[in-house]
Amino acid sequence: MRKIDWDKPLYHVTSARNLKSILRNGLRVCRDPGFDKVVYLTFDLQIAIDHGGNFPDPVVLEIRLPHSWSLYADPYIGGDECVVSDKDIPPKYVRERLAKSTTQYSAKRQADSVLTVDKGRGFIIEHRTLFDFGNGFKRLRRKLVVTASHCLPHPPVMPCYSYQETTYQKFACPAGGRTQCMGGLFIL
Amino acid sequence: MLAPLGEEPSVWADCLFFDPVSDLAILGEPDNQEFGEESDAYARLMDGRKPFNIAAPKTGEGYMLALDGVAWRPTPLKVYVTIRGSSLSTGATLAGQSGSPIVDATGRAVALVSIGAEYLSNGSRIPMDAGPQPILKFQLPAWLLKTMKGCHHD
């Protein structure tokens, strides 16, 4: 984790419906079972604004913490721009930074998240699930591609029960050769 | 199967969901035990690319990625409620845009380009409003919608 400049604020984005409660009670760590009991913060205002796309009515909060506050690296997002606090943050450290109307998302940034899928296109989404790594359930994130089914060369072969059945072996083959199609794994 | 826009497909993908009725499919990483190199290539392709958030569509302005792969063109979104549920139509779509996300004003994906429509006028084809486009919030499988980014915990 990078050295923290305590003179600069941290940011957190949430839904506007939570704003009144947060300004009254502070930012509380997540209490949902299976999720880390932390508050997510970032040094980068743009990251907070982009993350606002998760909410129908995003609001960015500015947080100024005392120097003695303990912050940790975000184990999932990683990088130097995001940190977590494992303690509730009292309301006196929190104030509203940006109103909903100013957190308009820059769609231009995500053009590179649109991919070529065979003769068509697809785009990346994130699937979050809980997975037991041996020391309790943790969040697992994986990126998937959504596309139109007609962009795929053909439907996967039924019954698609296991990856062996959903695998195309050597789908790409020499010209004039015969492709071996055994399921839903595609390559061109 | 997959590649950055404008490049020839070279990356393998595993089909996780296929719905020919709503014209929607989901691709994921190949099995990393059986297809180690292909799985690594998939991970490299995804690396650094920001996933789209998902939202329900509303009637108003939306955006579609143009064929140049750079510009986001505004398009009118119209949500209809029919006896079969909600339906979405957009402005004209072009051949080659299939599978592109349709995003709302805040950049969240609400649907994808599935269908186009055009009419003939003096021998030329004129694109017209197209729909129904598959609405992600309604047509993605429940196992994905329940846990994906966008259904966020505070």
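Scroll up to find the structure this text is about.
These lines cover the structure that appears in this document, whether it is placed above or below. Everything numeric here is computed off the predicted structure, so don't read it as measured data. (Residues numbered from 1 in each chain as written. Chains lettered and ligands numbered in written order. Predicted model: local features only at pLDDT ≥ 70, side-chain atom pairs only at ≥ 80, totals over all residues.)

Let us look at the overall build of chain A. Helix and strand counts for chain A stand at two helices and ten strands. Traced from its N-terminal end to its C-terminal end, chain A shows the element sequence β-α-β-α-β-β-β-β-β-β-β-β. Within chain A, the proportion of its 188 residues that are buried is 34%. Here the contacts in chain A between residues at least 6 apart in sequence split such that 63% fall between residues at least 24 apart. (Helix = DSSP H or I, 4+ residues; strand = E, 2+ residues; numbered from the N terminus. Buried ≥ 20, exposed ≤ 12 C-beta atoms within 10 Å, placed from the backbone. Contact = placed C-beta atoms within 7 Å.)

Along the backbone of chain B there are three helices and eleven strands. The buried share of chain B, taken over its 154 residues, is 38%.

On to the sheet that holds strand 5 (residues 72–82) of chain B. Backbone hydrogen bonds hold the strands of a sheet together, and the pairing may be parallel or antiparallel. All names here are of chain B. Reading across the sheet, the six strands line up as 8-7-4-5-6-11 and stay open at both edges, with antiparallel pairing between neighbours. Each of the sheet's edge strands pairs with one partner strand only, and the pair in question is strand 8 (109–112) and strand 11 (130–133). Here the strands of the sheet are splayed against their neighbours by 40 degrees on average, with no regard to which way each runs. By the bridge criterion, five bridges tie strand 5 to strand 6 (residues 85–90) in an arrangement that is antiparallel. When the sheet's bridge partners are listed, Y80 is paired in strand 6 with S87. (Pairing = 2+ DSSP bridges. Axes fitted to C-alpha atoms, helices over the stretch in contact; angles between N-to-C directions.)

Let us now look at the pairing of strand 8 of chain B. Walk down a regular strand and you will see the side chains alternate between the two sheet faces. All names here are of chain B. In this structure, strand 7 (residues 101–103) lies alongside strand 8, joined through three bridges in antiparallel fashion. Bridging from a neighbouring strand, I102 pairs with A111 of strand 8. The turn linking strand 7 back onto strand 8 is made up of five residues, and G107 within it adopts a positive phi angle of 90 degrees.

Attention shifts here to unusual backbone geometry. Geometrically, the link from G131 of chain B to P132 of chain B is a cis peptide bond, its omega value of 5 degrees lying close to zero. With respect to the helices and strands, the residue P132 of chain B is situated in strand 11. Despite not being glycine, D118 of chain A has its phi angle at roughly 55 degrees, a positive value. Structurally, D118 of chain A can be placed in the loop between strand 7 (114–117) and strand 8 (120–132). Residue class for D118 of chain A comes out buried when judged on the 20 C-beta atoms lying within 10 Å of it. Phi angles above zero are rare outside glycine, and N122 of chain B is one such case at about 55 degrees. Considering the arrangement of structural elements, one finds N122 of chain B in the loop between strand 9 (117–121) and strand 10 (124–128).

Before going further, it helps to examine helix 1 (residues 36–46) of chain B. For an α-helix, 3.6 residues make a turn, and residues three or four places apart therefore share a direction. Buried within helix 1 of chain B we find E38, Y42, L45 and M46 of chain B. Projection of helix 1 of chain B onto a plane perpendicular to its axis shows the buried side chains occupying an angular sector of 95 degrees, all on one side. For helix 1 of chain B, the exposed residues lying more than 90 degrees away from the buried face are G36, E37 and R44 of chain B. The inward-facing, buried residues of helix 1 of chain B contact strand 8 and strand 9 (137–147) of chain A together with strand 1 (2–4) and strand 2 (13–19) of chain B. Immediately beyond the C-terminal end of helix 1 of chain B, within one or two residues, lies G48 of chain B, with a positive phi of roughly 80 degrees. (Arc of directions from axis to C-beta.)

Moving on: the pairing of strand 8 of chain A. Residues and elements named next belong to chain A. The sheet contact formed by strand 7 and strand 8 spans four bridges and is antiparallel. Each bridged residue has a counterpart across the sheet, and for T116 the counterpart in strand 8 is R121. Remark: two residues form the turn of the hairpin made by strand 7 and strand 8, two consecutive strands paired antiparallel; D118 in that turn has positive phi of roughly 55 degrees. Relative to strand 9, strand 8 is paired through eleven bridges, and the arrangement is antiparallel. By the bridge assignment, H127 is partnered in strand 9 with R142. A loop of four residues connects strand 8 with strand 9, the two strands running antiparallel in sequence, and G134 in this loop sits at a positive phi of about 105 degrees.

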